[in-house]
Amino acid sequence: MEISSFLLPKDQVAYITNSLSMLEALEQLEQHHYTAIPIIDNEGKYVGTLSEGDLLWKLKNTAGLTFENIGEVAVSEIQKHVHNESVLINAEMEDMLTLAADQNFVPVIDKEGVFVGIIRRKDIIEYYTRSITD
């Protein structure tokens with residue numbers, strides 16, 4: 001089964017651009033109660049995932065960086081420790097199980113790398129649970 005029927009489209013997903021500040025990224029994570037959020041570039045292409053841990057490590061490991069000046073640091077300057085592998089929109093659900101073991105969500109892209117949405121781990125697990133019990 002193609003993943004498109006499980007897609008949570010981009011317009012229903014919180015994401016950030018890599019030009020946002022560390023403060024703005026933190027506010028997005030807080031507002032949406034996320035622990036990680038997809039990052040796109042100015043062309044709409046998926047470039048990675050930012051996690052709460054990435055923000056904490058940046059704060060801890062950057063001399064002089066405090067909550068008062070995190071607005072001066074761009075998301076693009078933060079080392080990402082989480083690598084959420086993306087899949088193409090025409091991928092099959094059978095390809096998702098391995099990714100779901102390590103990722104809260106799987107970013108979905110089109111053939112040009114443009115971010116189109118996510119598949120949540122919860123939806124992948126529910127799909128496989130139904131398959132097993134049917």
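In what follows, the accompanying structure is described. If you're wondering where the values come from, they're calculated on a predicted model, not measured in any experiment. (Residues numbered from 1 in each chain as written. Predicted model: local features only at pLDDT ≥ 70, side-chain atom pairs only at ≥ 80, totals over all residues. Heavy atoms only, no water.)

### A closer look at the sheet that holds strand β4 (residues 46-51)
Within a sheet, neighbouring strands are paired by backbone hydrogen bonds and run either parallel or antiparallel to one another. Basically, it comes down to this: A pair of strands is labelled paired if DSSP reports no fewer than 2 bridges between them. Numbering of helices and strands runs from the N terminus; a helix is a DSSP stretch of H or I covering at least four residues, while a strand is a stretch of E covering at least two.
Taken in spatial order, the 3 strands line up as β2-β3-β4 in an open sheet, and their pairing is mixed. The outermost strands of the open sheet, each flanked by one partner alone, are β2 (16-17) and β4. Taken together, the 2 bridges between β2 and strand β3 (residues 36-40) define a ladder with parallel strand orientation. Paired with I16 across the strands is I39, a residue of β3.

### Points about the pairing of β4
Counted only if it meets this: Think of it in three bands: residues with accessible area under 20% of the maximum for their type are buried, residues over 50% are exposed, and the middle band is partly exposed, with areas taken using a 1.4 Å probe on protein chains only.
Burial analysis of β4 places 5 of its 6 residues in the buried class, the great majority of the element. Note that β3 and β4 share 5 bridges and pair antiparallel. In the strand pairing of β4, P38 is matched with T49. Linkage of β3 to β4, two consecutive antiparallel strands, is achieved through a turn of 5 residues, within which G44 is found at a positive phi near 85°.

### Looking at the sheet that holds strand β7 (residues 115-120)
For the record, the criterion: Only heavy atoms enter the contact rule, under which two residues are in contact if any of them lie within 4.5 Å. Interaxial angles span 0 to 180 degrees and are taken between N-to-C directions of axes, which are lines fitted to C-alpha atoms, for helices over the stretch in contact.
On the basis of which strands lie adjacent, the open sheet formed by 4 strands has the order β1-β7-β6-β5 and mixed pairing. The two strands at the open ends of the sheet, each matched to only one other strand, are β1 (8-9) and β5 (87-88). Contacting β6 (105-109) and β7, helix α4 (residues 121-133) runs over the sheet at an angle of about 55° to β7.

### Some details on the nonpolar core
For soluble globular proteins, nonpolar side chains are generally found buried alongside one another. Going by this rule: Put simply, buried Ala, Val, Leu, Ile, Met, Phe, Trp, Tyr and Cys residues joined by side-chain atoms within 4.5 Å make one nonpolar core.
If you look at the biggest cluster of nonpolar residues, it comprises 15 residues, and the most contacted ones within it are I16, M22 and L50. For this core, the secondary structure elements donating two or more residues are α1 (22-32), β3 and α2 (52-61). Looking at which element gives the most residues to this core, the answer is α1, with 3 residues. In this structure I16 touches A25, Q28, I37, P38, I39, I40, L50 and V75, once residues within four positions along its chain are discounted. Core analysis: the next-biggest nonpolar cluster, separate from the first, contains 14 residues, I3, A100, I119 and Y127 among them.

### So, a nonpolar patch on the surface
To keep it simple, the criterion reads: Each patch is built from residues that are more than 30% exposed by relative accessible area and take part in no salt bridge. Like charges join if they lie within 9 Å; nonpolar side chains (Val, Leu, Ile, Met, Phe, Trp, Tyr) join within 5 Å. Surface exposure here means Shrake-Rupley accessible area, sampled with a 1.4 Å probe, where a residue is shielded only by the protein chains that are shown. Here, a salt bridge means any Lys or Arg side-chain nitrogen found within 4 Å of an Asp or Glu carboxyl oxygen.
Where nonpolar side chains cluster on the molecular surface, the patch consists of L23, L26 and F67 and spans about 260 Å² of accessible area. With respect to the helices, strands and loops of the structure, F67 is situated in the loop between α2 and β5.

### Focus: the environment of L55
By secondary structure assignment, the location of L55 is in helix α2. The contact partners of L55, leaving out residues within four places of it in the chain, are M22, L26, L29, L50 and I78.

### Some words on the packing of aromatic side chains
Operational definition: Think of it this way: a Phe, Tyr or Trp ring, Trp meaning its six-membered ring, pairs with another when their centres are within 6.5 Å, and the plane angle makes it stacked under 30 degrees, edge-to-face over 60, tilted otherwise.
The final tally for this structure, using the stated rule, is 4 aromatic pairs. Both rings, one in Y46 and one in F115, keep their centres 6.3 Å apart while their planes meet at 25°; by these two values the pair is stacked. Residue Y46 is located in strand β4, and its partner F115 is located in strand β7; the two are separated by 69 residues in the primary sequence. Relative accessible area serves as the criterion here: at 13%, Y46 is assigned to the buried category. Accessibility expressed as a relative area gives 1% for F115, which makes it buried. Joined through ring pairs, the aromatic side chains of F6, Y127 and Y128 make up one cluster.

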